[in-house]
Amino acid sequence: MEGKIYKGGEDYEQEFNPRDYLTTYYNFDSGPVEEKEIIKFSLQNLYQTFSAGGIRGDVLIDIGSGPTIYQLLSACEAFREIIVTDYTPQNLQELQKWLKKEPGAYDWSSIVQHVCELEGDRSRWQEKEAKLRRTVTRVLRCDVTKSPALGSAQVPLADCVLTFLAMECACLDVDTYRAALRRLADLLKPGGHLVTLVTLGFQNYMVGPKKFSGVYLEKETVEKAVQDAGCQVLKCNCTPLRYSKAFCTGLCFIVARKSSSA
Ligand SMILES: C[S@@+](CC[C@H](N)C(=O)[O-])C[C@H]1O[C@@H](n2cnc3c(N)ncnc32)[C@H](O)[C@@H]1O
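None of these values were measured; they are calculated from a predicted model.

Per the UniProt record, the feature "binding site: S-adenosyl-L-methionine" (unreviewed entry) sits at Tyr-21, Tyr-26, Gly-64, Ser-65, Tyr-70, Asp-86, Asn-91, Asp-143 and Val-144. A maximum C-alpha distance of 24.1 Å is found for the annotated residues, which run over 124 residues; spatially they are spread out rather than grouped. You can see Ser-65 is positioned in the loop between strand 2 (57-62) and strand 3 (79-86). Residues within four places of Ser-65 in sequence aside, it is in contact with Gln-71, Val-84, Thr-85, Asp-86 and Leu-95. Sequence-distant contacts of Asn-91, defined by excluding residues within four places in its chain, comprise Phe-16, Pro-18, Gly-66, Pro-67 and Asp-86. Within the local environment of Asn-91, its side chain forms a polar contact with the side chain of Thr-88, the two groups lying 3.0 Å apart.

Taken as a class, soluble globular proteins show a tendency for nonpolar side chains to be buried jointly. If you look at the biggest cluster of nonpolar residues, it comprises 55 residues, and the most contacted ones within it are Tyr-26, Phe-50, Trp-108 and Tyr-205. The element that contributes the greatest number of residues to this core is helix 3 (residues 33-50), accounting for 6 residues. If sequence neighbours within four positions are ignored, Trp-108 has contacts with Leu-22, Tyr-26, Pro-67, Thr-68, Ile-69, Tyr-70, Trp-98 and Glu-129. Of all hydrophobic cores here, the second largest spans 33 residues; its members include Cys-171, Leu-181, Val-226 and Ala-229.

The rules behind these values
- Residues numbered from 1 in each chain as written.
- Predicted model: local features only at pLDDT ≥ 70, side-chain atom pairs only at ≥ 80, totals over all residues.
- Heavy atoms only, no water.
- UniProt positions renumbered as here; feature names shortened; annotations may be inferred.
- Helix = DSSP H or I, 4+ residues; strand = E, 2+ residues; numbered from the N terminus.
- Contact = heavy atoms within 4.5 Å.
- Polar contact = N/O pair within 3.5 Å; in protein donor to acceptor, adjacent residues only side chain to side chain.
- Core = buried A, V, L, I, M, F, W, Y, C linked by side-chain atoms within 4.5 Å.
- Buried < 20%, exposed > 50% of the residue type's maximum accessible area, 1.4 Å probe, protein only.

Next up, the structure:
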């Protein structure tokens, strides 16, 4: 409906179209330059975080994966197992299509090639796609506004919880955001890492013809929420880059470590 603003969980299930989202924000070859720069910012930070000498381990859980896989392309070289999750069944279906190489799956090859180039060999992109498909072992539903976020699913404690551009959409106020981050920290082993990309000054974004809103966050609010969830911020890389189809002021990439005694 024209003029309506959609928010959080159930609206996502009913109104969020994964293909509209992918073609708006992840058209690396011929989409808007703003979106391309943001993808490059994300991939560069992920590459630095998970490349040799960086964070690694057994299990990584990605929270609010949506229909996207770009956020896992560096991590799949550093973890034995990746669990992807989202609130909406249609996003998980879109992910499954790519994981199972089904007809009509989204074409991530340009973005995969870019990551392989960062890693030193653009030509190994098909090998990386195969590696990621092997490393994703489970596709689960989650709701970060509920405890536990993964419902009744039994998952091991993670060495890393990743969440990209999802918490500010799932949570409609700062208290809910802070509680959601505590739930994510609960999924981590002591000493495990939380890696997140957050839209700063977020007001709304377009998915096809539909407008979705979320919580307005500033860098200090995000850092404090991460710390109060029991994690020490190791890296905080903010940029004024903005989407052409979203109302926000910038982006913030954070790497944090859960206390060893937690
Ligand atoms: C902007 S998309 C981000 C998708 C992807 N992580 C990315 O980097 O492009 C926001 C995601 O948050 C998910 N979401 C909304 N409410 C949620 C909730 N309560 N719990 C978990 N995820 C939720 C949506 O289904 C959607 O996939």
